[in-house]
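Per-entry structural report
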Amino acid sequence: MKAFAAFFGLLLLGLAAIAAFAWPAYELLTPTFDVKFHRVASRIGMLVLLVGFLLVARRMAVGDRASRGYGLPRAAFLREAAIGLLLGVATMLPIAGAMIALDLRELRPGTSLDAATLGALGLEGLLRGIAVALIEETFLRGAMHTAIAREAGARAAVLLTALVYAATHFIGRHRIPPDQLGPGSGLELLGGSLAAFGDPLAIAAAFLSLAAV
């Protein structure tokens with residue numbers, strides 16, 4: 001399945017770029033800029049993904065608005081986006097509240113839940129959520145879904161993009177102390193970020209839940 005292989009290969013290429021180029025880029029930047037290693041690595045991965053996405057999307061003829069998931073007229077698109085936002089808030093707020101009440105999530109020390117703090121957190125969450133959604137959905141359920149559906153049908157597109165979507169949620173945040181950084185840190189960072197896949201049974205329930213969503 002060429003379409004799936006091309007887009008999945010892009011993800012692997014982005015990860016490989018982190019392993020190969022994170023340390024040289026960090027070494028090049030640190031004499032002039034105060035940057036964190038994991039941020040340099042993530043930006044490299046994102047840049048490689050962006051360039052690769054543009055090339056693959058053009059080659060597979062999925063670079064137009066409709067193929068990327070933006071084919072609705074503006075009024076209809078904004079209406080659907082607003083409905084989706086309201087449904088998201090309505091379903092996630094009770095869950096977030098329950099998790100805090102049951103101590104499954106802990107607030108940062110010194111955080112007070114006053115109106116100003118809640119407003120700032122809400123705005124930050126909204127902006128981050130929209131940014132992540134635009135990137136994620138344009139790649140997965142826009143161009144990737146369209147390319148697979150044309151080649152193998154809608155069912156295959158739904159299944160394969162769901163599996164990739166679920167997998168991306170287990171790429172963890174790994175940090176390496178500055179005094180332990182070295183030429184092999186890119187590979188170490190990649191290994192730490194993918195550590196969850198080393199124990200598939202431990203993530204199976206969450207993986208299947210995300211795939212179903």
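What you are looking at is a predicted structure, and each value in this text was computed from that prediction instead of being measured.

Here F207 lies in helix α7 (residues 200–212). Once the C-alpha coordinates of F207 and G88 are considered, the two residues, 119 residues apart in sequence, prove to be 20 Å apart. Setting aside chain neighbours within four positions, we find F207 in contact with L163, A166, A167 and F170.

Together, K36, R39, R43, R173 and R175 give the surface a local cluster of positive charge. Position of R39 relative to the elements: it lies in helix α2 (residues 37–59). Looking at R39, the relative accessible area reads 45%, which means it is partly exposed.

A separate point is the layout of surface pockets. Gaps left between atoms show up when a probe the size of a water molecule is rolled over them. Taken as a whole, the second largest pocket encloses approximately 170 Å³ of empty space. Lining of the second largest pocket is provided by 13 residues; of these, K36, F37, H38, I176 and P178 occupy positions nearest its centre. Residue classes in the lining of the second largest pocket are distributed as 8 nonpolar, 2 polar and 3 charged.

Describing two packed helices takes the angle between their axes plus the distance from one axis to the other. One way to put it is that helix α4 (residues 115–152) packs onto helix α5 (residues 154–168) with a least axis distance of 8 Å and a crossing angle of 150°. In the crossing of α4 with α5, the sense of the turn from one axis to the other is right-handed. Only A154, A156, A157, V158, L160, T161, V164, Y165 and T168 of α5 make contact with α4, whose side of the interface consists of E136, L140, R141, M144, H145, I148, A149 and A152. Here the residues of the contact of α4 with α5 are counted per class, giving 12 nonpolar, 3 polar and 2 charged.

Time to look at a nonpolar patch on the surface. A contiguous nonpolar surface patch, about 710 Å² in accessible area, is contributed by L85, V89, L93, L123, L126, L127, I130 and L134. Counting residues per element, the ones that place at least two in the nonpolar patch are α3 (74–101) and α4. Ranked by residue count, the leading element in the nonpolar patch is α4, at 5 residues. With respect to the helices and strands, L126 occurs in helix α4.

This next bit is on the packing of helix α1 (residues 2–29) against α2. At a closest axis distance of 7 Å, the pairing of α1 and α2 adopts a crossing angle of 140°. It follows from the interaxial angle that α1 and α2 lie oblique. The element α1 and its partner α2 pack so that their crossing is right-handed. Taken together, the residues that form the contact of α1 with α2 break down as 21 nonpolar, 3 polar and no charged.

With that out of the way, let us pick up the nonpolar core. Counting residues in each nonpolar core, the largest one holds 18 residues, and the members touching the most others are F7, F139, M144 and I148. When residues in this core are grouped by element, the largest group, 6 residues, is from α4. Apart from residues lying up to four places away in sequence, I148 is in contact with M1, A3, F4, G153, A156, A157 and L160. One finds F37, V40, I44 and I176 within the second-largest nonpolar core, a separate group that totals 13 residues.

Turning our eyes to something else, we now look at the side chain of T146. With respect to the helices and strands, the residue T146 is situated in helix α4. Note on T146: relative accessible area 17%, which makes it buried. Side-chain polar atoms of T146 contact the backbone oxygen of S67, separated by 2.8 Å. Residues within four places of T146 in sequence aside, it is in contact with V62 and S67.

The next point concerns the pattern of salt bridges. Scanning the model with the defined rule gives 2 salt bridges in all. Residues R128 and E124 are paired through a salt bridge, measuring 3.0 Å at the closest nitrogen-oxygen approach. Linking R128 with E124, this pair stays in helix α4, spanning 4 residues, or about one helical turn. For E124, a relative accessible area of 36% puts it in the partly exposed group.

Cut-offs applied
Residues numbered from 1 in each chain as written. Predicted model: local features only at pLDDT ≥ 70, side-chain atom pairs only at ≥ 80, totals over all residues. Heavy atoms only, no water. Helix = DSSP H or I, 4+ residues; strand = E, 2+ residues; numbered from the N terminus. Contact = heavy atoms within 4.5 Å. Patch = residues over 30% accessible without salt bridge, like charges linked within 9 Å, V, L, I, M, F, W, Y side chains within 5 Å. Areas by Shrake-Rupley, 256 points an atom, 1.4 Å probe, with all protein chains shown as cover. Salt bridge = Lys/Arg side-chain N within 4 Å of Asp/Glu carboxyl O. Lys, Arg positive; Asp, Glu negative; His and termini not counted. Charge placed at Lys NZ, Arg CZ, Asp CG, Glu CD. Buried < 20%, exposed > 50% of the residue type's maximum accessible area, 1.4 Å probe, protein only. 1 Å grid on protein atoms, 1.4 Å probe; cavity = no way out; pocket = protein on both sides within 12 Å on 5 of 7 lines; lining within 4 Å. Points joined across faces, edges and corners; volume = space filled by probe spheres on them. Nonpolar A, V, L, I, M, F, W, Y, C, P; charged D, E, K, R; others polar. Axes fitted to C-alpha atoms, helices over the stretch in contact; angles between N-to-C directions. Left-handed = near helix turned anticlockwise from the far one by under 90°. Parallel < 35°, antiparallel > 145°, perpendicular 65-115°, else oblique. Core = buried A, V, L, I, M, F, W, Y, C linked by side-chain atoms within 4.5 Å. Polar contact = N/O pair within 3.5 Å; in protein donor to acceptor, adjacent residues only side chain to side chain.

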